[in-house]
Amino acid sequence: NAGVTQTPKFRILKIGQSMTLQCAQDMNHNYMYWYRQDPGMGLKLIYYSVGAGITDKGEVPNGYNVSRSTTEDFPLRLELAAPSQTSVYFCASSYSMGAREQYFGPGTRLTVT
Amino acid sequence: AQSVSQHNHHVILSEAASLELGCNYSYGGTVNLFWYVQYPGQHLQLLLKYFSGDPLVKGIKGFEAEFIKSKFSFNLRKPSVQWSDTAEYFCAVEITGANNLFFGTGTRLTVIP
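Residues numbered from 1 in each chain as written. Chains lettered and ligands numbered in written order. Predicted model: local features only at pLDDT ≥ 70, side-chain atom pairs only at ≥ 80, totals over all residues. Heavy atoms only, no water.

Draft legend 1. Spotlight on the nonpolar core. If you look at the biggest cluster of nonpolar residues, it comprises 30 residues, and the most contacted ones within it are W35, L48, F74, L76 and Y89 of chain B. Of all the secondary-structure elements, those providing two or more residues to this core are β2 (10-14), β3 (19-21), β5 (31-38), β6 (44-50), β8 (64-68), β9 (73-78), β10 (87-95) and β12 (107-112) of chain B. Membership of the second largest hydrophobic core comes to 19 residues, among which are V4, L76, A81 and C91 of chain A. (Core = buried A, V, L, I, M, F, W, Y, C linked by side-chain atoms within 4.5 Å. Buried < 20%, exposed > 50% of the residue type's maximum accessible area, 1.4 Å probe, protein only. Helix = DSSP H or I, 4+ residues; strand = E, 2+ residues; numbered from the N terminus.)

Draft legend 2. Structural detail: the interface of chain B and chain A. Each partner contributes residues to the interface: chain B has 19 residues there, and chain A has 22 residues. In total, about 1,700 Å² of surface goes out of reach between chain B and chain A, with carbon and sulfur atoms giving 57% of it. When the area that chain B buries against chain A is broken down by residue, the three leading residues are H43, L44 and N99 of chain B, summing to 33%. Seen at the junction of chain B and chain A, the total is zero salt bridges. Inspection of the chain B/chain A interface yields two residue pairs in polar contact (both at pLDDT 80 or more). Contributing elements (two or more residues each) for the side of chain B that touches chain A: β5, β6, β10 and β11 (101-103) of chain B. With four residues, the top contributor of residues to the side of chain B that touches chain A is β5 of chain B. (Contact = heavy atoms within 4.5 Å. Buried area = accessible area lost by both parts, 1.4 Å probe. Salt bridge = Lys/Arg side-chain N within 4 Å of Asp/Glu carboxyl O. Polar contact = N/O pair within 3.5 Å; in protein donor to acceptor, adjacent residues only side chain to side chain.)

Draft legend 3. Quick peek at the state of the cysteines. Within the structure shown, the criterion is met by two disulfides over all chains. Each sulfur in the disulfide pair C23 of chain A and C91 of chain A lies 1.8 Å from the other. Note on the C23 of chain A and C91 of chain A pair: the S-S dihedral is about -70°, so by sign convention the disulfide is left-handed. In this pair, C23 of chain A is assigned in strand β3 (residues 19-25) and C91 of chain A in strand β9 (residues 87-94), connecting sequence segments 68 residues apart. Across this residue pair, the class does not change: C23 of chain A and C91 of chain A are buried. Paired by a disulfide, C23 of chain B and C91 of chain B hold their sulfur atoms 1.9 Å apart. Sign of the S-S torsion, about -65° for the bond between C23 of chain B and C91 of chain B, identifies this disulfide as left-handed. With C23 of chain B in the loop between β3 and β4 (24-25) and C91 of chain B in strand β10, this residue pair connects regions lying 68 residues apart in the sequence. Each member of the pair C23 of chain B and C91 of chain B is classed as buried. (Disulfide = S-S within 2.5 Å.)

Draft legend 4. Quick peek at unusual backbone geometry. A cis amide bond, omega -10°, links T7 of chain A with the succeeding residue P8 of chain A. In this fold, P8 of chain A is placed in the loop between β1 (4-7) and β2 (10-13). Of note in the backbone geometry, K61 of chain B takes a positive phi value of approximately 60° without being a glycine. Mapped onto the elements of the fold, K61 of chain B is located in the loop between β7 (56-58) and β8. Look at K61 of chain B and you get partly exposed, because its relative accessible area is 47%.

Right under this line is the structure:
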């Protein structure tokens, strides 16, 4: 099992550009999550999904979009990148709703300049 | 708003020293509690978790944590740290039934051989 994979590992964007952060898991987990971690801060939930076709906002969804067309994939889209979106992005998955271990990907370090 | 506090930002210990990392949260209802660890260059992974029952829970690598409901705390302990415990440690709290994990800001542990 590869677990949770994320691409790319690093990316530099100019203000106003857009990009998609990829996340995939091969554990057949229903639940998937996107977090961001700013320096010196804890992880904050951006969006989550409870299954294919179902997504919902977390704490900090503004400036992002997600889709979940398959169980395996949960891409995060940034439209009109802003410096405030400079962060490390983590994708995670779990077998069932909350209270269960979340498995994390290695993270994507994004810089917007 | 829910919050999770980790008061120690960076802890430096010599090998064989005892460790206690503090975690406090600000929610009065039923919670599930987690400690995650991120070793250098690796993914976040679960160290231990508490859902119910015995408030003293044991995790991997000799770590344990005690849930003290009256103090809204879930401190992490290890009687004798090793150099390989050098990592960042995150406390996380989930309100039972919710889909959101609230993370603390993390504590960086450096163990000196």
